[in-house]
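In case you want the letters, here they are:
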Amino acid sequence: MRPDPALIDELRAAVGGDAVLVSPEACAPYECDALTAHRRTPDVVVLPGTAEQVMEVLRACRRHSTPVVARGAGTGLSGGALPVEGGVLLVLARLNRVLEVDPLRRLARVEPGVTNLEISQVAAPHALYYAPDPSSQVACTIGGNVAENSGGVHCLKHGLTVHNLLAVRVATIEGEWLTLGSPAGEAPGLPLLALVTGSEGMLGVVTEVTVRLKPIPERVELLMAAFDDVRRCADAVGRVIAAGIVPAGLEMMDAPALRAAEAFAHCGYPQDAAALLLCELDGLTHDVERELASVQDVLRQCGVTSLRLARDATERQRMWSGRKSAFPAVGRLAPDYFCMDGTIPRRSLAQVLEGIAELSGKFGLSVANVFHAGDGNLHPLILFDAGRAGESESAEHLGAEILELCIAAGGTVTGEHGVGVEKLGPMCSQFGAGELEAFHAVKRVFDPDSLLNPGKAVPTLARCADYGAMRVHGGKLPFPHLPRF
Ligand SMILES: Cc1cc2nc3c(=O)[nH]c(=O)nc-3n(C[C@H](O)[C@H](O)[C@H](O)COP(=O)(O)OP(=O)(O)OC[C@H]3O[C@@H](n4cnc5c(N)ncnc54)[C@H](O)[C@@H]3O)c2cc1C
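Residues numbered from 1 in each chain as written. Predicted model: local features only at pLDDT ≥ 70, side-chain atom pairs only at ≥ 80, totals over all residues. Heavy atoms only, no water.

So, the sheet that holds strand 16 (residues 336-339)
Here's step 1: Spatially, the seven strands line up as an open sheet ordered 15-12-14-13-18-20-16, and their pairing is antiparallel. The strands lining the two open edges of the sheet, one partner per strand, are strand 15 (306-309) and strand 16. Direction aside, the axes of adjacent strands within the sheet are offset by 20° on average.
Here's step 2: Here strand 12 (residues 219-227) pairs with strand 15 via four bridges, running antiparallel. Residue pairing in the sheet places Met224 in a bridge with Arg308 of strand 15.
Here's step 3: The strands that helix 10 (residues 285-301) touches are strand 12, strand 14 (275-283) and strand 15; relative to strand 12, the one it contacts most, it runs at about 5°.
Here's step 4: The strands touched by helix 13 (residues 349-363) within the sheet are strand 13 (249-254), strand 18 (367-371) and strand 20 (380-384), with strand 18 carrying the most contacts at an inclination of about 155°. (Pairing = 2+ DSSP bridges. Helix = DSSP H or I, 4+ residues; strand = E, 2+ residues; numbered from the N terminus. Axes fitted to C-alpha atoms, helices over the stretch in contact; angles between N-to-C directions. Contact = heavy atoms within 4.5 Å.)

Quick look at the structure:
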């Protein structure tokens, strides 16, 4: 069902004819995000250039009862920006102006289409930076980061997106402007800034973001620690933090991931290691030196087989380059891969990694692990060939069982990639009817007619009933190709 032609006319009047795409060829590049297994060519793509135009688009969609899906750069990994049938895809990429960098108040005010990396680049002349650093930071937008509450390698010490936001301006589908939070830091009233952060485009469209900037640390050191045993490496993660040290980043890769990263980025990773830790420390020189000595002691006690300290910033960047390009590097090992995202308590790392290895054997599909170990945020990458009969389904089934393992360990079905369409089923395992009803009730307050990104992020109870029944009867797990709201 295509949107009403009268709506198309109103959209053209609001943003200009060139900024409304309707032909299938022009709309095709927007058919999916980075979860490419789910695709749908949008019926209409709108590219507003100002916040006021965003509001006009929302008002027009509301008048015509037409669903709207916001999209930043489309790097999401859970299908959050997947177009919906008969809907408008609202692309925020042209809202890409840096509005203000204030070194005195240590903040930057930007439009939602500004990339994550650009914020640090514009802050750098003031010796400041924006701490959350998803590996996709060169491309992903700050609006998408807010909607997904994105993390990155430095979020262990410096916090997720939600901890680094001061304020956002939101256009609601009801046609109202909301300013949530305050550049001053604490804002009175209910903490709606935190509510909107991570809401996956379901409560409103973010048109302006004010972020906290931090001083570039005086000293940074990066240690690369290799282990000949995955369990010892995983145990070292908890032991470092138990020693009272919170590294800026503490990342782990298993053998398949580190070998793929080395072949891709030539970053100096030892090819014979069973697992690798990258541990970055930052802060004042005196503190970093003390922590460096303690971390090395802990790693030795944990049975590290080789330890290397990056000599300088160039070597540090080289060592990080492997980790930061690990997803595409692993992607070269098979025609297709799924990147899973689940979080577990750190103390269960070794046990859950062993469980993943068992599941990998059971399904006959390889899994590479590269993840934010310090946060307990796993990213198992499941390798498969969609061209082989049944392999996509096996990969989805394996992914679902990995998430069940995370829940059983006391963890969650997503760490930072959101629920989107990918994890609607596993959300039914994570939450009971009471919590899901509460999520729907919050959504209704902002969006009574369910026009904003409908069918994403929160499953209906009916869907969960199907999911439970299918699992009880041992059937195929219902990862959706399209939401069934
Ligand atoms: C190689 C690779 C590495 C990655 N590494 C990380 C990582 O380390 N950490 C991490 O957290 N993520 C990572 N991601 C996932 C992804 O980059 C993040 O989720 C990112 O925040 C998405 O931003 P985007 O601009 O691409 O958003 P999109 O994919 O376009 O959209 C994501 C969601 O946000 C909503 N949305 C977008 N803009 C707005 C807005 N202005 N207002 C309201 N809703 C909006 C969309 O509707 C959708 O639900 C990675 C992805 C890739 C491909």
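So, the state of the cysteines
Here's step 1: Within the structure shown, the criterion is met by one disulfide.
Here's step 2: The disulfide partner of Cys428 is Cys464, and the S-S distance across this bridge is 2.2 Å. On the sign convention where negative means left-handed, the S-S torsion of about -75° between Cys428 and Cys464 marks this disulfide as left-handed. In this pair, Cys428 is assigned in helix 15 (residues 424-430) and Cys464 in helix 17 (residues 461-472), connecting sequence segments 36 residues apart. Judged on exposure class, the residue Cys428 and its partner Cys464 are both buried.
Here's step 3: There is no disulfide at Cys140, and the cysteine sulfur nearest it, in Cys155, is 11 Å away.
Here's step 4: Its relative accessible area of 4% is what places Cys140 among the buried residues.
Here's step 5: Cys302 supplies the cysteine sulfur nearest to Cys233, a cysteine that is in no disulfide, at a spacing of 9.3 Å. (Disulfide = S-S within 2.5 Å. Buried < 20%, exposed > 50% of the residue type's maximum accessible area, 1.4 Å probe, protein only.)

Digging into the site of the ligand
Here's step 1: Taken together, 35 residues lie around the ligand, and Ala70, Gly72, Thr75, Ser136 and Thr141 are the ones closest in.
Here's step 2: In this structure, an oxygen atom belonging to the ligand sits 2.9 Å away from a main-chain N or O atom of Gly151.
Here's step 3: At 3.4 Å, a side-chain N or O of Asn453 approaches an oxygen atom of the ligand.
Here's step 4: Calculation on the ligand without its partners gives an accessible area of 980 Å², and the protein chains cover 95% of this total.
Here's step 5: Sorting the residues of the shell around the ligand by element identifies strand 3 (68-71), helix 5 (142-148) and strand 10 (205-212) as the ones contributing at least two each.
Here's step 6: For the shell around the ligand, the element with the most residues is helix 5, which contributes five residues.
Here's step 7: Among the residues forming the shell around the ligand, the class breakdown is 13 nonpolar, 18 polar and four charged. (Near = heavy atom within 4 Å. Polar contact = N/O pair within 3.5 Å; in protein donor to acceptor, adjacent residues only side chain to side chain. Areas by Shrake-Rupley, 256 points an atom, 1.4 Å probe, with all protein chains shown as cover. Nonpolar A, V, L, I, M, F, W, Y, C, P; charged D, E, K, R; others polar.)

What to know about the pairing of strand 12
Here's step 1: Counting buried residues along strand 12, eight of its nine residues qualify, which places the element largely inside the surrounding structure.
Here's step 2: Examined bridge by bridge, strand 12 and strand 14 share nine bridges and lie antiparallel to one another. Following the sheet pairing, Met224 is matched in strand 14 by Leu278.

Topic: the nonpolar core
Here's step 1: Formed by 61 residues in total, the largest nonpolar core has its most connected members in Phe227, Met252, Leu277, Leu299, Leu378 and Ile382.
Here's step 2: Element by element, the count of residues in this core is highest for helix 13, at seven residues.
Here's step 3: Setting aside chain neighbours within four positions, we find Met252 in contact with Val230, Cys233, Ala234, Ala275, Leu276, Leu277, Leu353, Asn369, Val370, Phe371 and Ala373.
Here's step 4: If you look at the next biggest cluster of nonpolar residues, it comprises 33 residues, including Val15, Val46, Leu95 and Ala171. (Core = buried A, V, L, I, M, F, W, Y, C linked by side-chain atoms within 4.5 Å.)

Digging into the sheet that holds strand 6 (residues 107-110)
Here's step 1: Pairing is antiparallel in the open sheet, where five strands are placed in the order 5-6-10-8-9. Every other strand in the sheet has two partners, leaving strand 5 (98-102) and strand 9 (177-181) as the edge strands with one partner each. Each strand axis lies, on average, 10° off the axis of its neighbour in the sheet, ignoring direction.
Here's step 2: Sheet analysis places strand 8 (residues 165-171) next to strand 10, joined by six bridges and oriented antiparallel. Pairing of Val168 across the sheet is with Val209, part of strand 10.

A word on a nonpolar patch on the surface
Here's step 1: A cluster of nonpolar side chains, Leu190, Leu192 and Leu195, forms an exposed patch at the surface whose accessible area comes to about 280 Å².
Here's step 2: With respect to the helices, strands and loops of the structure, Leu192 is situated in helix 7 (residues 192-196). (Patch = residues over 30% accessible without salt bridge, like charges linked within 9 Å, V, L, I, M, F, W, Y side chains within 5 Å. Salt bridge = Lys/Arg side-chain N within 4 Å of Asp/Glu carboxyl O.)

A word on the environment of Gly374
Here's step 1: With respect to the helices and strands, the residue Gly374 is situated in the loop between strand 18 and strand 19 (377-378).
Here's step 2: For the pair Gly374 and Ala236, spaced 138 residues apart in sequence, the C-alpha to C-alpha distance is 10.0 Å.
Here's step 3: Setting aside residues no more than four positions away along its own chain, Gly374 makes contact with Leu156, Val237, Ile241, Leu250 and Arg346.

Observations concerning the packing of aromatic side chains
Here's step 1: Tallied over the entire structure, the rule returns two aromatic pairs.
Here's step 2: Between the aromatic rings of Phe431 and Phe439, the centroid separation amounts to 5.2 Å while the plane-to-plane angle is 85°, which identifies the pairing as edge-to-face.
Here's step 3: Phe439 sits in the partly exposed class, given a relative accessible area of 33%. (Phe/Tyr/Trp six-rings, centres within 6.5 Å; stacked < 30°, edge-to-face > 60°.)

A short note on the packing of helix 8 (residues 230-242) against helix 10
Here's step 1: The geometry of helix 8 relative to helix 10 is characterised by a closest axis approach of 9 Å and an angle of 145° between their N-to-C directions. Crossing of helix 8 against helix 10: the hand is right-handed. Contact residues: Ala236, Arg239 and Val240 in helix 8; Val295, Val298, Leu299 and Gln301 in helix 10.
Here's step 2: A breakdown of the residues in the contact of helix 8 with helix 10 according to their chemical character gives five nonpolar, one polar and one charged. (Left-handed = near helix turned anticlockwise from the far one by under 90°.)

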